[in-house]
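Secondary and tertiary structure notes
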Amino acid sequence: MGPHPHNLEVQDLDSFDRLVSAGAVDMRGWHAQSLDLRGRTGALQRLNVEGAIFLGCTFDDGVEGLLRGRGALIFPRLETVPFNPYRAALYSPQELYAGLPDAPYEALPDARIYQWSIQPGMRHRLDATLASALHDHAIGDALDDMTRTGPFHGRAMVGVMGGHAAQRGSSGFAQAALLGRLLAQDGYVVATGGGPGAMEAANLGAYLSEVDDGGVQAALDILASVPGFRPSVSAWARAAAAVVERFPGGTPSLGIPTWFYGHEPPNYFATHIAKYFANAIREAILLELCTGGIVFLPGAAGTVQEIFQDACENYYGAREKVTPMVLVGRDHWERQYPAWPMLQSLAAGRPMEDRIFLVDTVQEAVEVLRLPA
């Protein structure tokens, strides 16, 4: 008898063929995901498919009914949605912006998915709810694979949170880019909410972490020609694509945006994009992944919410689960939005007390993260 792997995810044809060639005879527990299995009918007929799950796969004519009759569970391809709910990998900027620079943003995959998600009544339709949930599960699964075996494996991840309002060409944008650059040079994986502003800048800095200072300045100058994504996401994205074209093969980093805030486009510098429909899932996963800590740049309501969501995790977490929280900008966090005094009060007498920091510069933030736990 062949092996009976539990919940074995088969996400590409090469993996399927290798398993069959190795003598597998039982697909119980297999999850075949978005595979074109046309031409594999002979192998499928030889395998015991009872308990196997096929998610959005394509078969030769007549094979689907045969597999169902032998006990397989088959989730059909959902042709009415503008995305693959069974996808096996994270997004790339090039996938979400496919068609750039010729087509306007409104015609690109990212915008079309957002437009689908906000159609009247869409959030209450069973097929839409099912497709969105399956998609977010698949993204979570792909993200887990990326951290276990992909380019992020074995590396601590540091989150960079901050407002979307930081314009390209501003000092705030340049400082956020410097932070991402310094973190990546220290060996961290940089993770952001994947959107514009400080998030884009941090992913940019990480992406260009191996480029010299002159190259980084050239990239900042290119981007400054289109300061923000309003009024034209198309122009904003084209400027970013021009930077990536000039500096290909940058350092990998992660963006975790959401179509819940679909009016904010994903940035082009996060090489791996885990884009979700459900914002709550996205925020929880971002906090969970950032085992190296989180740096909070100046921001407003959204950043304040993220500070205290992270603080809540640290407040109730065991000592070994507490991660550093670094707030950048004394005036901002002590006076303009006085989150720091509240954070200090929460942390008093808790294991997190010596893991919260208030600094003035991004260089200080990086130095703080180098301190032993």
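Residues numbered from 1 in each chain as written. Predicted model: local features only at pLDDT ≥ 70, side-chain atom pairs only at ≥ 80, totals over all residues. Heavy atoms only, no water.

Digging into the pairing of strand 2 (residues 30–33)
Side chains Trp30 and Ala32 project from strand 2 onto one buried face, and the interleaved His31 and Gln33 project onto a second face that is buried too. Sheet analysis places strand 1 (residues 8–10) next to strand 2, joined by three bridges and oriented parallel. For glutamate 9, the partnering residue across the bridge sits in strand 2 and is histidine 31. Traced from strand 1 through helix 1 (residues 13–21) to strand 2, the parallel crossover comes out right-handed. The pairing of strand 2 with strand 3 (residues 53–55) spans three bridges and is classified as parallel. (Buried < 20%, exposed > 50% of the residue type's maximum accessible area, 1.4 Å probe, protein only. Helix = DSSP H or I, 4+ residues; strand = E, 2+ residues; numbered from the N terminus. Pairing = 2+ DSSP bridges. Right-handed = clockwise from strand over helix to strand, strands pointing away.)

Observations concerning the sheet that holds strand 7 (residues 189–192)
A sheet is described by the order of its strands in space; here seven strands give the open sequence 9-8-7-6-10-11-12, paired in parallel fashion. In this open sheet, the two edge strands, each paired with only one partner strand, are strand 9 (272–273) and strand 12 (356–359). Sheet analysis places strand 8 (residues 254–255) next to strand 9, joined by two bridges and oriented parallel. Directly across from leucine 254, in strand 9, lies its bridge partner histidine 272.

Things to note about the packing of helix 12 (residues 301–316) against helix 14 (residues 339–347)
In contact at an axis separation of 11 Å, helix 12 and helix 14 are set at 10 degrees when each is read in the N-to-C sense. In terms of their interaxial angle, helix 12 and helix 14 are classed as roughly parallel. In this structure, helix 12 contributes Ile307, Phe308, Ala311 and Tyr315 to the contact, and helix 14 contributes Ala339, Met342, Leu343 and Leu346. Residue composition of the contact of helix 12 with helix 14, by class: eight nonpolar, no polar and no charged. (Axes fitted to C-alpha atoms, helices over the stretch in contact; angles between N-to-C directions. Parallel < 35°, antiparallel > 145°, perpendicular 65-115°, else oblique. Contact = heavy atoms within 4.5 Å. Nonpolar A, V, L, I, M, F, W, Y, C, P; charged D, E, K, R; others polar.)

A word on the packing of aromatic side chains
Tallying each qualifying case throughout the model produces 13 aromatic pairs. When the ring of phenylalanine 83 is compared with that of phenylalanine 277, the centres are 5.0 Å apart and the planes differ by 50 degrees; the resulting orientation is tilted. A residue pair is termed long-range when its members are at least 10 positions apart, and phenylalanine 83 in the loop between strand 4 (73–75) and helix 4 (93–96) and phenylalanine 277 in the loop between strand 9 and helix 11 (279–289) qualify at 194 residues. The buried category is assigned to phenylalanine 83, whose relative accessible area is 8%. (Phe/Tyr/Trp six-rings, centres within 6.5 Å; stacked < 30°, edge-to-face > 60°.)

A closer look at the pairing of strand 7
Side-chain alternation along strand 7 places Val189 and Ala191 on one buried face and Val190 and Thr192 on a second face that is also buried. At this point the chain moves from strand 6 (residues 157–161), through helix 7 (residues 171–185), to the parallel strand 7, and the crossover so formed is right-handed. Sheet analysis places strand 7 next to strand 8, joined by two bridges and oriented parallel. Each residue of the ladder has a partner; that of alanine 191, found in strand 8, is leucine 254.

Quick notes on unusual backbone geometry
Residue proline 101 follows leucine 100 across a cis peptide bond; omega there is 10 degrees. Topologically, proline 101 is positioned in strand 5 (residues 98–101). Omega for the peptide link from arginine 230 to proline 231 comes to 10 degrees, which places this bond in the cis form. In this structure, proline 231 sits in the loop between helix 9 (213–224) and helix 10 (233–246). We note that serine 34 has phi near 55 degrees; this positive angle belongs to a residue other than glycine. Note that serine 34 resides in the loop between strand 2 and helix 2 (41–46). With relative accessibility at 25%, the residue serine 34 sits in the partly exposed group.

Remarks on the pattern of salt bridges
If you walk through the whole model with that rule in mind, you get 15 salt bridges. In this structure, the salt-bridge partner of arginine 370 is aspartate 186, at a minimum N-O distance of 2.8 Å. Pair noted here: arginine 370 is in the segment after helix 15 (362–369) and aspartate 186 is in the loop between helix 7 and strand 7, with a separation of 184 residues, a long-range link. You can call arginine 370 exposed: its relative accessible area is 51%. The partly exposed category is assigned to aspartate 186, whose relative accessible area is 33%. The network of salt bridges with common partners includes Asp144, Asp145 and Arg148. (Salt bridge = Lys/Arg side-chain N within 4 Å of Asp/Glu carboxyl O.)

Let's talk about the confidence of the model for the protein
Taken over all residues, the pLDDT of the protein has a mean of 94, while the share at 70 or more is 98%. Counting interchain partners and residues more than four positions distant, the pLDDT-below-50 stretch residues 1–5 has 10 contacts. (pLDDT = per-residue confidence, 0-100.)

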